[in-house]
2 protein chains.
Amino acid sequence: MTDASLAEVVAAAAAAPSTDLLGLTAALVAVPSVSLAEEPLADAVEARLRRINGLDVERVGVNIVARTNLGRERRVVMAGHLDTVPANNNAIPRIEGEVLHGLGAADMKSGVAVLLRLAEEVAAESRFDCTFVFYEAEEIADEYNGLRKLFAERPDLVAGDFAVLLEPTDLWMEAGCQGSIRLEATFHGRRAHTARPWQGDNAIDRAAPTLQRLAGLQPQPLEVDGLTFRQALSVVSVQGGVAGNVVPDRCTVVVNRRYAPSLTLEEAEAEVRALLDGADEVELTSVSPAAHPNLSHPLVAEFAGLLDLPVRCKLGWTDVARFSAHGVPAVNFGPGDPEVSHTAGEHVTRASVEGCYTALAAFLRGAAR
Amino acid sequence: MTDASLAEVVAAAAAAPSTDLLGLTAALVAVPSVSLAEEPLADAVEARLRRINGLDVERVGVNIVARTNLGRERRVVMAGHLDTVPANNNAIPRIEGEVLHGLGAADMKSGVAVLLRLAEEVAAESRFDCTFVFYEAEEIADEYNGLRKLFAERPDLVAGDFAVLLEPTDLWMEAGCQGSIRLEATFHGRRAHTARPWQGDNAIDRAAPTLQRLAGLQPQPLEVDGLTFRQALSVVSVQGGVAGNVVPDRCTVVVNRRYAPSLTLEEAEAEVRALLDGADEVELTSVSPAAHPNLSHPLVAEFAGLLDLPVRCKLGWTDVARFSAHGVPAVNFGPGDPEVSHTAGEHVTRASVEGCYTALAAFLRGAAR
């Protein structure tokens, strides 16, 4: 895309009327925003937000936060990420009838379009103070995540009593999410020439009983707040070997455990460590904490109840856990089918985008849909 | 080493009197000859051989073959490699009393020194026609091996009725050697997100029972010609894993089997394939055939008997198997302790070099030591 045509799609996204939500989503899809290249899209979003009366707009890098200050008792944070995964022959938006096809149509520029219209049409008359968060780099390694940056550098901007992430959920309320930890186990041995293996100690042989114990093992599902969390345990890596004629002196095994939010991180870790018994070293190498569904929290209950939403848990990890870890109960609720995210056939329907907007507007105004 | 000082050590090696075998070995050690950089040493060896009356000297690349043509009924091939492993702070030869320290002192420039003196002093009066082979690149991958090259390009030069390799054996006769094969087993699976492993099939889990079956398994020793061959089986590599949140779809396991020469390659391979049952693919990736001890072969028996040598089998693989595969019974017999080969402390004693020379000279002349 040339600089000139990029400027053109940015201007179009900044100007598109939000009354046509599918059209606005298409205008947002037209602005490329692969992770770490979200700046043009952030510019368009910022331009729109700065035109709205009564919103305090702050930009932190390529993250934009717009807040009302109506003096309401409670504050609702609504958030969407600006980035997409790389294009898969679907960079150009295409509307066919009532369906928009294109990269980010579901994940999650339709959610961003809904947030923009809520900011423009509903925020000023909301029964809650509203915070709209648009952030970078959700689709890549956590260290780049814009929401992480905001919580670290400007926690005041993302504070609130309840958070809604507009990730695609097909208008289900997704409550809570599994935690995910990775542990790396190392088995030591002693090198020897394979003509004389009895002079050494084979580290792969030492790892074998542990691999055998882990094979096919799946933790039981757990119920939390009436939702069933299917837990999971997978050996994701095994690496050992020095050379074709050397008894290997080292073998590493990496296990990924997905755990229900009724377990603590420490409990999940202890469980995996017990299974890795026999290893010489076990290290916790990655932690993504779980998020409790918090269905009994007043705002979560009201959100689900008022809108009469179907509720399920999230198997994968999402940024609801980040809000949850900072004490803000959070749910995913957004337009689009999560199953088409990250695929060449990504799309969203007009009914889904409109439905999301209608539901959130009703929640903010305090009226049933 | 500068060009000038290299020319100097080459000239010294070409001129050193073979009557002082330890001194000649030191002169050979002084000429660097790490694998694939043997040319200067080959030049020195060639210069010495060309001064000897009655020897036909041929050079094939950096391999030198010198042969008598006395019309004897039988021909004995005596061979030594010119190359060394890389230096380990021991490139400069150092004689202390009756011990020479330095890279290649044992493996196997002392053997090369013995061959040169035999060519100079004994070959003309031997009861066998003699072939002296000096070859490159024994210490690295087989594809570079000079003896392999000679058997492929000039089999006439290495033909004979019996072969002696002057690898360090501490003056034991090492008869036969184990074969070595490697097989790679691949286990397939189906990728899935680790939040939903039940949608995939974990290839590491599929490999686990095989690894468990192989762990610690050692084949029984086998007797061949009264020598005990300790066989061996080692898992030398295991590799699996795609990413920290992906159920892996592929795991490979590599097994190295060392087998006694009473087994055929096919028997050894079938045994390993049976142990790898459960793998989706098994491929034979490396073959080094075994060599039978051939202790009942007249020349082997005469060599051991006349010289009253202690006999053992070779656990590692050596070029005796190459001669054996070409129908030439072969043994290892050389000066120096095999245990110090490839170590910083490599050395050889005067008694060992002299002992080797005396024994081989006696064998060629047909007199007991």
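A short tour of the structure in this document, coming up.

1. Concerning the overall build of chain A
Then comes step 1: Looking only at helices and strands, chain A has 11 helices and 19 strands in total.
Then comes step 2: With the C-alpha coordinates aligned to their principal axes, the bounding extent of chain A is approximately 80 × 50 × 40 Å.
Then comes step 3: Expressed as a percentage of the 369 residues in chain A, the buried residues total 56%.
Then comes step 4: Within chain A, counting contacts between residues at least 6 apart in sequence, those at least 24 apart form 77% of the total.
Then comes step 5: Total accessible area on chain A is roughly 13900 Å²; 49% of this is exposed by carbon and sulfur atoms.
Then comes step 6: Separation of charge centres in chain A, based on 32 positive and 50 negative side chains, amounts to 2 Å.

2. Some remarks on helix α11 (residues 350–365) of chain A
Then comes step 1: The terminal C-alpha atoms of α11(A) lie 22 Å apart, and with 16 residues this matches the ideal 22 Å at 1.5 Å per residue to within 8%.
Then comes step 2: Just downstream of α11(A), G366(A) is the residue with a positive phi angle, here 85°.

3. Notes on the sheet that holds strand β4 (residues 94–96) of chain A
All names here are of chain A.
Then comes step 1: The sheet built from three strands is open, its strands ordered β4-β5-β19 with antiparallel pairing. The sheet is open, and its two borders are formed by β4 and β19 (347–349), each paired with just one other strand. Sheet twist, expressed as the mean angle between neighbouring strand axes with direction ignored, is 20°.
Then comes step 2: With three bridges connecting them, strand β5 (residues 99–101) and β19 associate as antiparallel partners. Opposite V99, over in β19, you have T349 as the bridge partner.
Then comes step 3: Against the sheet, helix α2 (residues 21–29) contacts β4, β5 and β19, and its axis sits at roughly 5° relative to β5.

4. Topic: the interface of chain B and chain A
Then comes step 1: Taken together, the 42 residues of chain B in the interface contact 42 residues of chain A.
Then comes step 2: Here chain B and chain A share an interface that buries about 3000 Å² over both sides, 56% of which is from carbon and sulfur atoms.
Then comes step 3: Area buried by chain B at its contact with chain A is led by W198(B), V236(B) and V238(B), which between them contribute 17% of it.
Then comes step 4: If you look at where chain B meets chain A, you find zero salt bridges.
Then comes step 5: Counting across the interface, chain B meets chain A through 14 residue pairs in polar contact (both at pLDDT 80 or more).
Then comes step 6: At nine residues, the largest contribution of residues to the side of chain B that touches chain A is made by strand β13 (residues 232–241) of chain B.

5. A few points about a nonpolar patch on the surface
Then comes step 1: On the surface, a cluster of nonpolar side chains totalling about 270 Å² of accessible area is made up of L36(A), I140(A) and Y144(A).
Then comes step 2: Position of I140(A) among the secondary structure elements: in the loop between β6 (129–135) and α5 (146–153).

6. Examining the pairing of β6(A)
Residues and elements named next belong to chain A.
Then comes step 1: Taking burial as the measure, the seven residues of β6 include seven buried ones, the bulk of the element.
Then comes step 2: Of the pairings in the sheet, the one linking strand β3 (residues 75–81) to β6 comprises seven bridges and is parallel in character. Looking at β6, one finds that R75 is bridged to D129.

7. Comments concerning the sheet that holds strand β18 (residues 330–332) of chain A
Residues and elements named next belong to chain A.
Then comes step 1: In spatial order, the strands read β1-β2-β6-β3-β7-β18-β8-β17; together these eight strands make up an open sheet with mixed pairing. The sheet is open, and its two borders are formed by β1 (55–60) and β17 (311–314), each paired with just one other strand. The mean angle between the axes of side-by-side strands here comes to 25°, regardless of whether they run parallel or antiparallel.
Then comes step 2: Where strand β7 (residues 162–165) and β18 come together, three bridges link them in parallel fashion.

8. Some remarks on the environment of A66(B)
All names here are of chain B.
Then comes step 1: Relative to the elements of secondary structure, A66 occurs in strand β2 (residues 63–68).
Then comes step 2: Note on A66: relative accessible area 0%, which makes it buried.
Then comes step 3: Residues A66 and R350 lie 284 residues apart in sequence; the distance between their C-alpha atoms is 25 Å.
Then comes step 4: Beyond its immediate sequence surroundings of up to four residues, A66 is in contact with L49, L55, D56, V57, C130, T131 and F132.

9. Details of the relation of the copies chain B and chain A
Then comes step 1: Each copy of the sequence occupies a distinct position, and chain B is placed on chain A by a rotation of 179° and an axial shift of 0.0 Å, giving an RMSD of 0.2 Å. Overall, the copies show the geometry of a two-fold rotation axis. In terms of proximity to the rotation axis, the leading residue of chain B is Q239(B), whose C-alpha is 2.4 Å off the axis.
Then comes step 2: Here 100% of the contact residues of chain B are again contact residues in chain A; the copies associate through an equivalent surface.

10. Some thoughts on unusual backbone geometry
Then comes step 1: Here the bond from D107(A) into M108(A) is cis, since omega is -5°, no more than 30 degrees from zero.
Then comes step 2: Inspection of the secondary structure assignment puts M108(A) in helix α4 (residues 105–121).
Then comes step 3: Even without being a glycine, D170(B) presents a positive backbone phi close to 60°.
Then comes step 4: Within the secondary structure layout, D170(B) lies in the loop between β7 (162–165) and β8 (173–177).

11. Let's talk about the side chain of S352(A)
All names here are of chain A.
Then comes step 1: Within the secondary structure layout, S352 lies in helix α11.
Then comes step 2: The buried category is assigned to S352, whose relative accessible area is 8%.
Then comes step 3: From its side chain, S352 meets the backbone nitrogen of G336 in a polar contact 2.9 Å long.

12. A closer look at the environment of E271(A)
Residues and elements named next belong to chain A.
Then comes step 1: Secondary-structure assignment places E271 in helix α8 (residues 265–275).
Then comes step 2: Taking the relative accessible area as the measure of exposure, E271 reaches 35% and is therefore partly exposed.
Then comes step 3: For the pair E271 and R257, spaced 14 residues apart in sequence, the C-alpha separation works out to 9.4 Å.
Then comes step 4: Apart from the residues within four sequence positions on either side, E271 is in contact with R257 and L263.

13. So, the packing of helix α3 (residues 39–50) of chain A against α4(A)
Helix-helix packing is characterised by the crossing angle of the two axes and by the distance between the axes.
All names here are of chain A.
Then comes step 1: Contact pair α3 / α4: the axes reach a minimum separation of 10 Å and the direction vectors enclose 20°. Relative to α4, the element α3 lies roughly parallel. Our pair here, α3 against α4, has a crossing hand that is right-handed. Of the residues in α4, those in contact with L41, V45, R48 and L49 of α3 are K109, V112, L116, A119 and E120.

14. Description of the packing of aromatic side chains
All names here are of chain A.
Then comes step 1: By the definition in use, this model includes 12 aromatic pairs over all chains.
Then comes step 2: Centroid distance F162 to F363: 5.9 Å. Interplanar angle 75°. Geometry classified as edge-to-face. Residue F162 is found in strand β7, and its partner F363 is found in helix α11; the two are separated by 201 residues along the sequence. Neither F162 nor F363 differs from the other in exposure class; each is buried.

15. Considerations on the environment of S5(B)
Residue and element names in this part refer to chain B.
Then comes step 1: Note on placement: S5 falls in helix α1 (residues 3–15).
Then comes step 2: Relative accessible area serves as the criterion here: at 25%, S5 is assigned to the partly exposed category.
Then comes step 3: Within the local environment of S5, its side chain forms a polar contact with the side chain of T2, the two groups lying 2.7 Å apart.

16. Considering the side chain of T25(B)
Then comes step 1: Within the element layout of this structure, T25(B) appears in helix α2 (residues 21–29).
Then comes step 2: The contact partners of T25(B), leaving out residues within four places of it in the chain, are L100(B), A105(B), K109(B), S110(B), A113(B) and V353(B).

17. Re the state of the cysteines
Then comes step 1: Going through the model one piece at a time under the given rule, you end up with zero disulfides over all chains.
Then comes step 2: Between C177(A), a free cysteine, and C313(A), which holds the nearest cysteine sulfur, the sulfur-to-sulfur gap is 9.5 Å.
Then comes step 3: We classify C177(A) as buried; its relative accessible area is 0%.
Then comes step 4: In this model C356(B) remains outside any disulfide bridge; the closest cysteine sulfur is found in C130(B), 14 Å from its own.

Cut-offs applied
Residues numbered from 1 in each chain as written. Chains lettered and ligands numbered in written order. Predicted model: local features only at pLDDT ≥ 70, side-chain atom pairs only at ≥ 80, totals over all residues. Heavy atoms only, no water. Helix = DSSP H or I, 4+ residues; strand = E, 2+ residues; numbered from the N terminus. Buried < 20%, exposed > 50% of the residue type's maximum accessible area, 1.4 Å probe, protein only. Contact = heavy atoms within 4.5 Å. Areas by Shrake-Rupley, 256 points an atom, 1.4 Å probe, with all protein chains shown as cover. Lys, Arg positive; Asp, Glu negative; His and termini not counted. Charge placed at Lys NZ, Arg CZ, Asp CG, Glu CD. Expected span 1.5 Å × (residues − 1). Pairing = 2+ DSSP bridges. Axes fitted to C-alpha atoms, helices over the stretch in contact; angles between N-to-C directions. Buried area = accessible area lost by both parts, 1.4 Å probe. Salt bridge = Lys/Arg side-chain N within 4 Å of Asp/Glu carboxyl O. Polar contact = N/O pair within 3.5 Å; in protein donor to acceptor, adjacent residues only side chain to side chain. Patch = residues over 30% accessible without salt bridge, like charges linked within 9 Å, V, L, I, M, F, W, Y side chains within 5 Å. Least-squares fit on C-alpha atoms with pLDDT ≥ 70 in both. Parallel < 35°, antiparallel > 145°, perpendicular 65-115°, else oblique. Left-handed = near helix turned anticlockwise from the far one by under 90°. Phe/Tyr/Trp six-rings, centres within 6.5 Å; stacked < 30°, edge-to-face > 60°. Disulfide = S-S within 2.5 Å.

Distances and angles like these do not, on their own, reveal function.
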